[in-house]
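Working through the structure, step by step
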Amino acid sequence: SLAVVSFVMMTACNSDKKQIESVAVDYLRAINIDCDFNKAKEFATPETQELLSLLNQLFSPTDSSSVIDAAFKEKFANSNIDIIAIDMENDSTANVEYKISVLDKDGNIDTETLKEEDGHGILLVKKVDSKWLAHQPKESPEEDPFDDFSEMEEEEEITDSI
């Protein structure tokens, strides 16, 4: 019976990792290569879908100043998304480490396109209603990116006055 339980657990873990990898690749391709925010919603949590709706409005193809043009899409059309590692935090949360490689027309890695960016990233994936989905929600308004900086200034003032 121990062998059966072990087999079932290993099969479930492998199944989850395959689903996570598939969702991560599909989501990252839709966002970073196809620039199709509506398609990306299929692979996203409800919170992330809100962000994607906002991005879709900002980068609408009807907008003549859109930064997502045909030349941009063509440059990234031959990109690869490689999953480097999947770190399961628990049964419903995982971090997916990935690398996006931009390829030129000959299939060689185009280091010029990414320049200082190396194409590496980590995507949080959550299980929602037994389905793995990408989770990149927009920041809540009460979160201030300068909070840490303000706290550092206060600490410096306290130490300076001592």
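This text gives an overview of the structure that appears in the document.

About the thresholds
Residues numbered from 1 in each chain as written. Predicted model: local features only at pLDDT ≥ 70, side-chain atom pairs only at ≥ 80, totals over all residues. Heavy atoms only, no water. Helix = DSSP H or I, 4+ residues; strand = E, 2+ residues; numbered from the N terminus. Buried < 20%, exposed > 50% of the residue type's maximum accessible area, 1.4 Å probe, protein only. Contact = heavy atoms within 4.5 Å. Areas by Shrake-Rupley, 256 points an atom, 1.4 Å probe, with all protein chains shown as cover. Pairing = 2+ DSSP bridges. Axes fitted to C-alpha atoms, helices over the stretch in contact; angles between N-to-C directions. Salt bridge = Lys/Arg side-chain N within 4 Å of Asp/Glu carboxyl O. Core = buried A, V, L, I, M, F, W, Y, C linked by side-chain atoms within 4.5 Å.

Observations concerning the overall build of the chain
Within the chain, the regular secondary structure consists of six helices and four strands. Traced from its N-terminal end to its C-terminal end, the chain shows the element sequence α-α-α-α-β-β-α-β-β-α. The buried share of the chain, taken over its 162 residues, is 27%. Contacts in the chain between residues at least 24 apart in sequence constitute 53% of all its contacts with a sequence separation of at least 6. Surface summary for the chain: the accessible area is close to 11,200 Å², and the carbon and sulfur share equals 52%.

Some remarks on the sheet that holds strand β3 (residues 120-128)
Taken in spatial order, the four strands make up an open sheet running β1-β2-β3-β4, and their pairing is antiparallel. Since the sheet does not close on itself, it has two edges, and those belong to β1 (80-90) and β4 (131-134), each with one partner. Across the sheet, the axes of successive neighbouring strands diverge by a mean angle of 30°, strand direction being ignored. With nine bridges connecting them, β1 and strand β2 (residues 93-101) associate as antiparallel partners. Bridge pairing in β2 places Ile-83 opposite Tyr-98.

Considerations on the pattern of salt bridges
One pass over the full model with this rule turns up two salt bridges. Here Lys-127 and Asp-16 are joined by a salt bridge, their closest N and O atoms 3.5 Å apart. Within this pair, whereas Lys-127 is found in strand β3, its partner Asp-16 is found in helix α1 (residues 2-33), the two being separated by 111 residues in sequence. Note on Lys-127: relative accessible area 29%, which makes it partly exposed. Here Asp-16 falls in the buried class, since its relative accessible area comes to 16%. Between Asp-34 and Lys-39 there is a salt bridge, with its nearest N and O atoms 3.9 Å apart. Note on Asp-34: relative accessible area 29%, which makes it partly exposed.

Some thoughts on the nonpolar core
With 23 residues, the main nonpolar core has Ile-20, Tyr-27, Leu-52, Val-96 and Leu-123 as its most contacted residues. Elements that contribute at least two residues to this core include exactly α1, α2 (37-41), β1, β2, β3 and β4. Ranked by the residues each element gives to this core, the list is headed by α1, at eight residues. Those residues in contact with Ile-20 that sit more than four places away from it in its chain are Ile-86, Met-88, Ala-94, Val-96, Val-125 and Trp-132.

Side note on the side chain of Thr-45
Counting through the fold element by element, Thr-45 comes out in the loop between α2 and α3 (46-58). A relative accessible area of 1% places Thr-45 in the buried class.

Looking at unusual backbone geometry
Of note in this structure, Asp-129 is not a glycine but carries a positive phi near 50°. Within the fold, Asp-129 resides in the loop between β3 and β4.

Focus on the environment of Asn-80
Note that Asn-80 resides in strand β1. Spatially, the C-alpha atom of Asn-80 lies 5.1 Å from that of Ser-101, the residues being 21 residues apart in sequence. Contact partners of Asn-80, with chain neighbours within four places excluded, come to Lys-99, Ile-100, Ser-101 and Leu-103.

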